[in-house]
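# Chain and residue survey
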Number of protein chains: 2
Amino acid sequence: MPASLPDYSRQELRNLVRIQLQSLLEEGDFRGAKAILVPVQSADIAEAIEGLPEAMQAIAFRLLSKTEAIEVYEYLDSTIQQALIEEFKRQEVIDIVDQMSPDDRARLFDELPAKVVSRLLEQLSPEERRATALLLGYEAGTAGRIMTPEYIALKETFTVAQTLERIRSLSPVTETIYYLYVTDTARRLTGILSLRDLVTAQPHQTTGEIMIRDVVFVHTDTDQEEVARLIQRYDFLAVPVVDREQRLVGIITVDDVIDIIEQEATEDIYALAGVQADGDNYFQTNLVTVARRRVVWLLVLLLTNTATGSIIKSQESLLSRLAVLAAFIPLLVGTGGNVGAQSSTVVIRGLHTDEIRTLGAVQIVFREGIAGLILGTMLGTLATLWAYWLQGNLSVAIAVGASLLAISVLASVAGSTLPFIFRSLNLDPALMSAPFITTAVDVLGVLIYFNIARLVLGM
Amino acid sequence: MPASLPDYSRQELRNLVRIQLQSLLEEGDFRGAKAILVPVQSADIAEAIEGLPEAMQAIAFRLLSKTEAIEVYEYLDSTIQQALIEEFKRQEVIDIVDQMSPDDRARLFDELPAKVVSRLLEQLSPEERRATALLLGYEAGTAGRIMTPEYIALKETFTVAQTLERIRSLSPVTETIYYLYVTDTARRLTGILSLRDLVTAQPHQTTGEIMIRDVVFVHTDTDQEEVARLIQRYDFLAVPVVDREQRLVGIITVDDVIDIIEQEATEDIYALAGVQADGDNYFQTNLVTVARRRVVWLLVLLLTNTATGSIIKSQESLLSRLAVLAAFIPLLVGTGGNVGAQSSTVVIRGLHTDEIRTLGAVQIVFREGIAGLILGTMLGTLATLWAYWLQGNLSVAIAVGASLLAISVLASVAGSTLPFIFRSLNLDPALMSAPFITTAVDVLGVLIYFNIARLVLGM
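Residues numbered from 1 in each chain as written. Chains lettered and ligands numbered in written order. Predicted model: local features only at pLDDT ≥ 70, side-chain atom pairs only at ≥ 80, totals over all residues. Heavy atoms only, no water.

Further remarks concern helix α9 (residues 114-123) of chain B. All names here are of chain B. Looking at α9, one finds that the buried residues are Val 116, Val 117, Leu 120 and Leu 121. Here the buried residues of α9 occupy an arc of 130° about the axis, which is enough to place them on one side. Those residues of α9 that are exposed and aimed more than 90 degrees away from the buried face are Ala 114, Lys 115 and Glu 122. (Buried < 20%, exposed > 50% of the residue type's maximum accessible area, 1.4 Å probe, protein only. Helix = DSSP H or I, 4+ residues; strand = E, 2+ residues; numbered from the N terminus. Arc of directions from axis to C-beta.)

Here you go:
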């Protein structure tokens, strides 16, 4: 009913649903509450339920039909999925969990206590148990863990008409029908076929005749981020997953990939600000966890500043004679840290998004060094002028400007080098670079400053 | 040929293609060069071409068949697309540009000089010109600009068999056939139908009987980021775009959405490090542009530090008497800036990814304030101990610890408040928050420190 929607955005509609739902539940009008949920999309019902007071979430969820309940459950935030599981009677839980798609179920099981998982696993139907155990057997963050075993496999000898018939019968239990996979007798992947190719082919042709043989696939142990890049690169809707023997074991669809790209971006963004990302929603974790996720990086800073502070303390006699030198420390340390952060940020992001492509590490570091030189010259000139204006001593002003130039170059080079070093050590550049760069730039920055100052001032 | 691939990753294969291609071109073996490109995916050929020396790019591109050339061209980086356009003869350009899909073409035209665009537009076939002009008429960053008008529209009275026939004939010229759109006589969108629903329906049913009437759609002026969130939220493969009169004018597909999510994440990441993102690949822009994109933020820092420096300078007499106070300035300013950055980062990311959901601004700021208190207490205690160990003066140590506590709370509150303020002023929180927080925390930080120090030390 698009004609009725133009005056509301989807966001407003969702809020409306949540508010109506809450007031109907408060009045005990369950029939009314049930009625307003009928025409609403599952993702929106999930959000409405998330917005309700905790006590009402289970009640609202129970108003849904069984099919709806399963769909809505898959869209809920994992903390609320867990809370609901505890509220439900045993049979309700089994009904819902058994119907979830294996990849979503594996994700839920990752969050639940081990005891609950093993109890649930026992009670699943044999087929679903096998599918879930398969996924849980792969390491978190790999293709094996996020794939779904619910795909359509064909033989090369099938005709187009036979294949369409097979799709009709399998459609309800597969994740996607838009790609079809062709395997040989040993279940090895030999080709791929899109539904698009199929509907435009002649009914008597065989899948072997129309399939594409140069299949892009991933292995079960391929990193999930690499899978995401691959799908993004080739504009695929899904990618097949094979085991070591090239046997097809699952597929990964584009909707999961979007979530991975977003999650990885959040992790990188958090890492740059020194907040640990553990996959949970930051705003739904308690304050102790929040403090824990933020304090590590702050402690690193504290340690770094212990070194910087000790260096400044060691220059106490110089500072007592010329206290104004202290006025420029925040400028030098701050600018240096920021130039370094800029360089490492563009390199880290470039490594993650493939933007760097064919450029080598040496080229990039050289480029960043030149950029640091340009920026340092501009900033150093301005800083010299300002420092002279502030205190009228040309030697001090020159020491500040020269230090800023040296620190900019150093920071750019260090900022662009460290991500490559960490990557070659198989460490995540995003997680490791920021603390090291800040430490290096801060400590070396004040050292450079005091040495240049002593040199210029002849002290 | 999956069986031949296990020993190479796709990345290695791509490098191999590029290296072989380059050496064949250097030897003048065009036939060989052509042959190695035949079994390679378009996206990989595009990357191989991007990796070649500039002079060879046009030569390699000319080796491709016409159909291949169009596909490969769409995958090339926009700077190389531009360079190739200048190399080509007029007719070659028209052939390629005319065959591009309208959304990719609009994206290319955004980058080209206006003169070239108007010349190219004139020479397109009337239908393609109309499609492109339509897209270019919408503002950059909106749904209208990124949509494609190449979709399949149906009437409610069509039977399943008729629809399948229509798909067969239209398949080559549409972006996706997996969603079909039903419109009334005034071209208003009335329903949507997936190919999945279609192949599982009976041939004699009409589209009106099996279509879904509660269509999620966007308007031509909807922000592209909102479109991306919508597709991500509902796990769609495409979303229809309507004009003010609810007439269907285009669709946006999931592959474009992945690129938008990635691009927006890059913009946010760059913004947090103070690098301006302008949509171009950072590593392919010249160093002057690089310096321009980075210097603005560094100048803001310089200005901020002018204020901080002036405050420190004004305390020259205090510092001459007790130079050790200077040793703690980097610690206080650095930690304060970082606590503020953490708070603003999680809030900005939360606003962008919907993680904040139903929490209000007041709740969030309060939560962050408490987090700042916890972090400040922990860090303040440690800083007091360290400051005492460093210089043995208890009053100074207490002044340092107390300042750190006050600065942490201030930074958390400021860091979480500013993104909400900027959003309510319709400014991008990611772009605006960092400079303001650093300024506020630095300036207020040193003020707090010196005032507490004077108070505690009785000076």
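Moving on from the model shown.
With that settled, the discussion passes to the sheet that holds strand β4 (residues 218-219) of chain A. Residues and elements named next belong to chain A. One open sheet accounts for three strands, arranged β4-β5-β6; its pairing is mixed. Edge positions in the open sheet fall to β4 and β6 (248-253), since each of these has one partner strand only. Lying over the sheet, helix α15 (residues 224-234) contacts β4, β5 (238-242) and β6, oriented at roughly 135° with respect to β5. (Pairing = 2+ DSSP bridges. Contact = heavy atoms within 4.5 Å. Axes fitted to C-alpha atoms, helices over the stretch in contact; angles between N-to-C directions.)

We now examine the pattern of salt bridges. Tallied over the full model, the rule gives 24 salt bridges over all chains. In this structure, Glu368(B) engages Arg294(A) in a salt bridge whose closest nitrogen and oxygen atoms are separated by 2.7 Å. Pair noted here: Glu368(B) is in helix α20 (residues 361-391) and Arg294(A) is in helix α17 (residues 287-314), and the two residues belong to different chains. The same class applies to Glu368(B) and to Arg294(A), which are both buried. (Salt bridge = Lys/Arg side-chain N within 4 Å of Asp/Glu carboxyl O.)

Attention shifts here to the side chain of Thr163(B). Along the polypeptide, Thr163(B) turns up in helix α12 (residues 160-170). Contacts of Thr163(B), omitting those with residues within four sequence positions, involve Leu154(B), Phe158(B), Leu180(B), Leu198(B) and Thr207(B).

Moving on, we get to the packing of helix α19 (residues 329-353) of chain A against helix α17 (residues 287-314) of chain B. One way to put it is that α19(A) packs onto α17(B) with a least axis distance of 9 Å and a crossing angle of 160°. As far as their axial angle goes, α17(B) and α19(A) are roughly antiparallel. Along this stretch, α19(A) crosses α17(B), giving a crossing that reads as right-handed. For the pair α19(A) and α17(B), the contacting residues are Pro330(A), Leu331(A), Gly334(A), Thr335(A), Asn338(A), Val339(A), Gln342(A) and Ser343(A) in the first and Arg294(B), Trp297(B), Leu298(B), Leu301(B), Leu302(B), Asn305(B), Thr308(B) and Ile312(B) in the second. Classifying every residue of the contact of α19(A) with α17(B) by side-chain character gives eight nonpolar, seven polar and one charged. (Parallel < 35°, antiparallel > 145°, perpendicular 65-115°, else oblique. Left-handed = near helix turned anticlockwise from the far one by under 90°. Nonpolar A, V, L, I, M, F, W, Y, C, P; charged D, E, K, R; others polar.)

Before going further, it helps to spend a moment on the relation of the copies chain A and chain B. Relative to chain B, chain A is turned by 180° and slid 0.1 Å along the rotation axis, the superposed coordinates differing by an RMSD of 0.2 Å. Given the turn and translation reported, the copies of this chain are related as if by a two-fold rotation axis. The position closest to the rotation axis in chain A is occupied by the C-alpha of Ser320(A), lying 2.5 Å away. Both copies present the same face, since 100% of the interface residues in chain A are matched by interface residues at the equivalent positions in chain B. (Least-squares fit on C-alpha atoms with pLDDT ≥ 70 in both.)

The extent of an interface is frequently quoted as the accessible surface area lost upon association of the parts. The interface of chain A with chain B comprises 128 residues on the first partner and 128 residues on the second. Carbon and sulfur atoms supply 62% of the area that chain A and chain B bury against each other, a total of about 11800 Å² over both sides. Its largest share of buried area at the contact with chain B, chain A owes to Arg196(A), Phe283(A) and Arg367(A), together 7% of the area lost on that side. Inspection of the chain A/chain B interface yields eight salt bridges. At the junction of chain A with chain B, the criterion picks out 32 residue pairs in polar contact (both at pLDDT 80 or more). With 17 residues, α17(A) is the single largest residue contributor to the side of chain A that touches chain B. Residue composition of the side of chain A that touches chain B, grouped by class: 68 nonpolar, 31 polar and 29 charged. (Buried area = accessible area lost by both parts, 1.4 Å probe. Polar contact = N/O pair within 3.5 Å; in protein donor to acceptor, adjacent residues only side chain to side chain.)

Looking now at the UniProt feature "domain: CBS" (unreviewed entry) in chain A. Per the UniProt record, the feature "domain: CBS" (unreviewed entry) sits at residues 147-210 and 211-267 of chain A. Strand forms 20% of residues 147-210 of chain A and helix 31%; the C-alpha atoms that close the span are 26 Å apart. (UniProt positions renumbered as here; feature names shortened; annotations may be inferred.)

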